[in-house]
Amino acid sequence: MSRAKGREGASQSRTDWRDQYNSWLRHHRLSAADSLRRVLEHPWSSLLTWMVIGIALALPVGLNLALDNAQIVSAQWDSPAQISLFLKSDLAVEDARRLELQLAGADNISTTALIPKDAALEEFRELSGFTDVLASLDENPLPHLIIISPVPGLAPQAVITLQEELLAMPGIEQAVLDMEWLQRLNSLMELGHRIVYALGAMLVLGVALILGNTIRLAIENRREEIVIVKLVGGSNAFVRRPFLYTGLWYGVGGGVIAAVLLGLTLWLLQSPAQNLAGLYQSSFSLQGLGLMGGLNLVVLGGLLGLFGAALAVSRHLSHIEPR
Amino acid sequence: MISFERVSKRYDEGYDALRDVSFTINKDDLVFLTGHSGAGKSTLMRLIMLMERPTRGDVLVDGINLASVGSRAIARHRRDIGVVFQNHQLLFDRTVFDNVALPLVICGYDHREVGRRVRAALDKVGLLERERALPVTLSGGEQQRVGIARAVVGRPKILLADEPTGNLDPALSAEIMTLFEDFSKVGVTVLIASHDLALISRLHHRIITLREGRLVTGTAT
Ligand SMILES: Nc1ncnc2c1ncn2[C@@H]1O[C@H](COP(=O)(O)OP(=O)(O)OP(=O)(O)O)[C@@H](O)[C@H]1O
Ligand SMILES: [Mg+2]
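Thresholds applied
Residues numbered from 1 in each chain as written. Chains lettered and ligands numbered in written order. Predicted model: local features only at pLDDT ≥ 70, side-chain atom pairs only at ≥ 80, totals over all residues. Heavy atoms only, no water. Salt bridge = Lys/Arg side-chain N within 4 Å of Asp/Glu carboxyl O. Helix = DSSP H or I, 4+ residues; strand = E, 2+ residues; numbered from the N terminus. Buried < 20%, exposed > 50% of the residue type's maximum accessible area, 1.4 Å probe, protein only. Donors = N, O, S within 2.8 Å, 3.2 Å for Na, K, Ca; no water. Patch = residues over 30% accessible without salt bridge, like charges linked within 9 Å, V, L, I, M, F, W, Y side chains within 5 Å. Areas by Shrake-Rupley, 256 points an atom, 1.4 Å probe, with all protein chains shown as cover. Contact = heavy atoms within 4.5 Å. Domains from an automatic or database assignment. Buried area = accessible area lost by both parts, 1.4 Å probe. Nonpolar A, V, L, I, M, F, W, Y, C, P; charged D, E, K, R; others polar. Polar contact = N/O pair within 3.5 Å; in protein donor to acceptor, adjacent residues only side chain to side chain. Near = heavy atom within 4 Å. Pairing = 2+ DSSP bridges.

Visitor: Quick rundown of the pattern of salt bridges? Include the residues and the values.
Guide: Scanning the model with the defined rule gives 22 salt bridges over all chains in all. Glu225(A) is paired through a salt bridge with Arg38(A); the nearest N and O atoms lie 3.8 Å apart. Of this pair, Glu225(A) sits in helix α9 (residues 223-231) while Arg38(A) sits in helix α2 (residues 16-41), placing them 187 residues apart in sequence. With a relative accessible area of 19%, Arg38(A) lands in the buried category. Measuring nitrogen to oxygen at the nearest pair gives 3.7 Å for the salt bridge that ties Asp80(B) to Lys157(B). Residue Asp80(B) is found in the loop between α2 (74-79) and β6 (81-84), and its partner Lys157(B) is found in the loop between α5 (140-153) and β7 (158-162); the two are separated by 77 residues along the sequence.

As structure tokens, then:
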């Protein structure tokens with residue numbers, strides 16, 4: 001028993017903080033291992049929790065990935081935007097040709113094509129089959145047409161500016177931009193992103209609540225134990241720790257499941273997407289999550305787990321006092 | 001070491017479990033606490049452990065007024081006190097070893113030291129060979145001895161025992177009492193609540209008697 005006194009003395013000494021740090025570390029290791037063991041003790045119910053969290057995390061992240069990919073595809077469509085210039089009807093073919101040459105020299109225009117009104121009428125005749133009707137006209141009602149395409153990669157706003165400039169030029173009656181559908185697509189995509197963010201926020205909150213509830217049940221199951229630990233001198237932090245680790249393990253597991261689900265989906269979609277892109281002579285390939293994205297998901301899951309557990313612990317643990 | 005100054009405790013239901021109780025127990029004293037069932041023995045111990053707060057009066061432990069110990073400091077306070085509970089309070093999903101080790105794990109001892117101390121404590125209560133057993137497989141008396149081992153394993157300054165020999169036969173009771181006497185000889189303050197008047201009167205220690213929450217003998221220190 002003389003050692004008992006020795007220890008009392010030692011606890012006053014300067015090495016005290018080292019002892020305390022070591023024992024704190026030791027307890028963290030113990031709690032982490034013990035919590036993990038408890039989680040793995042019921043593999044099916046834990047797997048279920050992991051799946052729920054994994055799916056809830058994978059859904060918004062996956063949708064976001066899909067939108068990102070769609071944006072890459074639509075960016076490739078930006079360049080073939082065309083502007084059709086209908087020239088004044090009294091303009092001679094020579095003037096039209098001169099105008100085309102002038103436009104071809106502009107540095108934000110890549111290609112120009114002149115369709116003189118005679119050629120246009122011929123084409124229309126062939127396509128429409130209204131040969132007799134058109135023959136009865138004594139004058140060609142069609143104007144000369146110049147089709148230009150802006151240099152690739154020009155921003156949609158710049159294309160619109162170009163259209164307005166062209167419209168202001170003498171000799172040009174109408175400038176029609178075939179890009180409205182693209183703008184509509186872009187704003188739809190923007191809307192899509194916002195919906196995904198809102199959905200993501202809701203699902204993330206849901207994950208925290210699911211975890212909170214799981215931890216609440218774990219706390220209820222171990223009520224007796226908590227009481228006893230408090231009776232023999234366990235601090236609140238000591239009692240709290242295993243549950244925080246339990247939340248961490250559930251969250252990390254959920255993050256891993258989410259990363260695996262997304263990886264699997266992308267892997268399954270990769271070759272169909274490539275085939276499709278090949279049909280359109282596009283070099284497009286699906287953008288995945290990447291290693292960092294996967295790790296981020298796992299970290300996000302872990303943080304959510306900790307957060308949910310902290311929520312549950314702060315609400316439920318303080319009610320459990322020895323009676 | 002432990003002093004009660006005009007302590008009263010009224011439970012929420014309005015029952016006065018302790019009325020105006022004053023006494024002092026010195027360091028390395030061994031004191032028995034007796035009284036009829038419902039006299040307030042367990043209540044008195046719960047006040048020392050800060051499981052309850054007094055309605056009136058002050059409880060001082062080791063010179064510290066417990067009224068000044070905030071809820072965050074309760075755990076610290078309890079680590080200096082070993083307790084044998086009337087209803088055992090064992091963890092039924094852990095082995096005997098793990099139950100006894102709990103106070104040491106809380107204090108953060110490394111596992112070699114834990115092993116040494118737990119075996120020493122189990123040896124003292126005669127349960128060394130049952131260290132891998134689960135508490136449900138033990139008899140009432142054996143469970144009680146596990147509780148005693150857990151109370152002494154951390155070498156506390158104060159040892160509180162609520163009916164520690166309630167389930168033990170006379171020979172074993174006497175042995176456990178000797179164990180408690182050994183502790184008081186090395187400077188531990190021991191307070192034992194017991195009905196077993198025959199046993200405690202044989203041991204010649206100070207006896208505090210409660211009747212309906214009032215102190216009837218043992219006021220002197
Ligand atoms: N938590 C509580 N709430 C209300 N009343 C209580 C509570 N605990 C104890 N009491 C009452 O206080 C009185 C004293 O109880 P206590 O447990 O201190 O008695 P005791 O001397 O330990 O009895 P025993 O020898 O039967 O263990 C009893 O009448 C009991 O009904
Ligand atoms: Mg009692």
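Visitor: An account of the coordination of the magnesium ion (ligand 2) is needed here, citing residue identities and associated values.
Guide: Of the protein atoms, only Ser42(B) (OG) and Gln86(B) (OE1) coordinate the magnesium ion (ligand 2), at distances of 1.9 to 2.3 Å. One end of the pair, Ser42(B), is in helix α1 (residues 41-48); the other, Gln86(B), is in the loop between β6 and α3 (96-107), with 44 residues separating them in the sequence.

Visitor: Tell me about a nonpolar patch on the surface, residues and numbers included.
Guide: Residues and elements named next belong to chain A. A cluster of nonpolar side chains, namely Trp-44, Leu-47, Met-51, Ile-55, Leu-59 and Leu-63, defines an oily patch on the protein surface of about 580 Å² accessible area. Considering the arrangement of structural elements, one finds Met-51 in helix α3 (residues 43-77). The class for Met-51 is partly exposed, based on a relative accessible area of 33%.

Visitor: Now, about the side chain of Gln163(A): what can you tell me, with residues and values included?
Guide: Residue and element names in this part refer to chain A. For Gln-163, the location among the structural elements is in helix α7 (residues 156-168). Judged by its relative accessible area of 17%, Gln-163 is buried. Filtering out sequence-adjacent residues up to four positions away, Gln-163 remains in contact with Ile-83, Ala-175 and Leu-177.

Visitor: I'd like a description of the domain arrangement of chain B, backed by residues and values.
Guide: Residue and element names in this part refer to chain B. Annotation of chain B at the domain level lists domain 1 (1-80 + 158-168 + 190-221) and domain 2 (86-155). A C-alpha centroid distance of 24 Å is found between domain 1 and domain 2. At the interface, ten residues of domain 1 touch eleven residues of domain 2. Note on domain 1 versus domain 2: buried area summed over both sides is about 760 Å², and carbon and sulfur give 59% of it. The three residues of domain 1 that bury the most area against domain 2 are Arg-79, Asn-167 and Leu-168, which together make up 48% of that side's buried surface. On inspection of domain 1 and its partner domain 2, the count reaches zero salt bridges. Taken together, the residues of the side of domain 1 that touches domain 2 break down into three nonpolar, four polar and three charged.

Visitor: Please give an account of the interface of chain A and chain B that cites residues and values.
Guide: With 23 residues of chain A in contact, the opposing surface of chain B contributes 28 residues. Carbon and sulfur atoms supply 59% of the area buried between chain A and chain B, which totals about 2,400 Å² over both sides. Of the charged contacts, one joins Arg94(B) and Glu225(A) as a salt bridge, the two residues approaching to 2.6 Å between their closest N and O atoms. The tally of links between chain A and chain B comes to five residue pairs in polar contact (both at pLDDT 80 or more). Elements supplying a minimum of two residues to the side of chain A that touches chain B: α1 (2-10), α2 and α9 of chain A. For the side of chain A that touches chain B, the per-class residue count stands at nine nonpolar, four polar and ten charged.

Visitor: Provide a residue-level description of the site of ligand 1, including the pertinent values.
Guide: Residues and elements named next belong to chain B. In the vicinity of ligand 1, 14 residues are found, and the nearest of them are Ser-37, Gly-38, Lys-41, Ser-42 and Thr-43. Contact between ligand 1 and Gln-86: an oxygen atom at 2.8 Å from a side-chain N or O atom of the residue. His-195 has a polar side-chain atom sitting 3.4 Å from an oxygen atom of ligand 1. The fraction of the free accessible surface of ligand 1 (630 Å²) that becomes covered by protein chains is 69%. A total of three residues in the shell around ligand 1 trace back to one element, the largest contributor, which is α1.

Visitor: Run through the environment of Leu248(A), naming residues and quoting values.
Guide: Residues and elements named next belong to chain A. Locating Leu-248 in the fold gives a position in helix α10 (residues 236-279). Spatially, the C-alpha atoms of Leu-248 and His-319 are 23 Å apart, while their sequence positions differ by 71 residues. With near-sequence residues (within four places) excluded, Leu-248 lies in contact with Gly-302, Gly-305 and Leu-306.

Visitor: Mind laying out unusual backbone geometry, listing which residues take part and the relevant values?
Guide: What you tend to see is this: most non-glycine residues have negative phi, and most peptide bonds are trans. All names here are of chain B. With a phi close to 50°, Asp-28 is a non-glycine residue in the positive phi region. As for its placement among the helices and strands, Asp-28 is situated in the loop between β2 (16-25) and β3 (30-35). By relative accessible area, which is 41% here, Asp-28 ends up partly exposed. Phi is positive for Asp-62, close to 55°, though the residue is something other than glycine. Tracing the chain through its elements places Asp-62 in the loop between β4 (56-61) and β5 (64-65).

Visitor: Just give me the short version of the pairing of strand β10 (residues 214-217) of chain B, but keep the residues and values in it.
Guide: Across three bridges, strand β9 (residues 206-211) of chain B lies against β10(B) in antiparallel orientation. Opposite Leu210(B), over in β10(B), you have Leu215(B) as the bridge partner.

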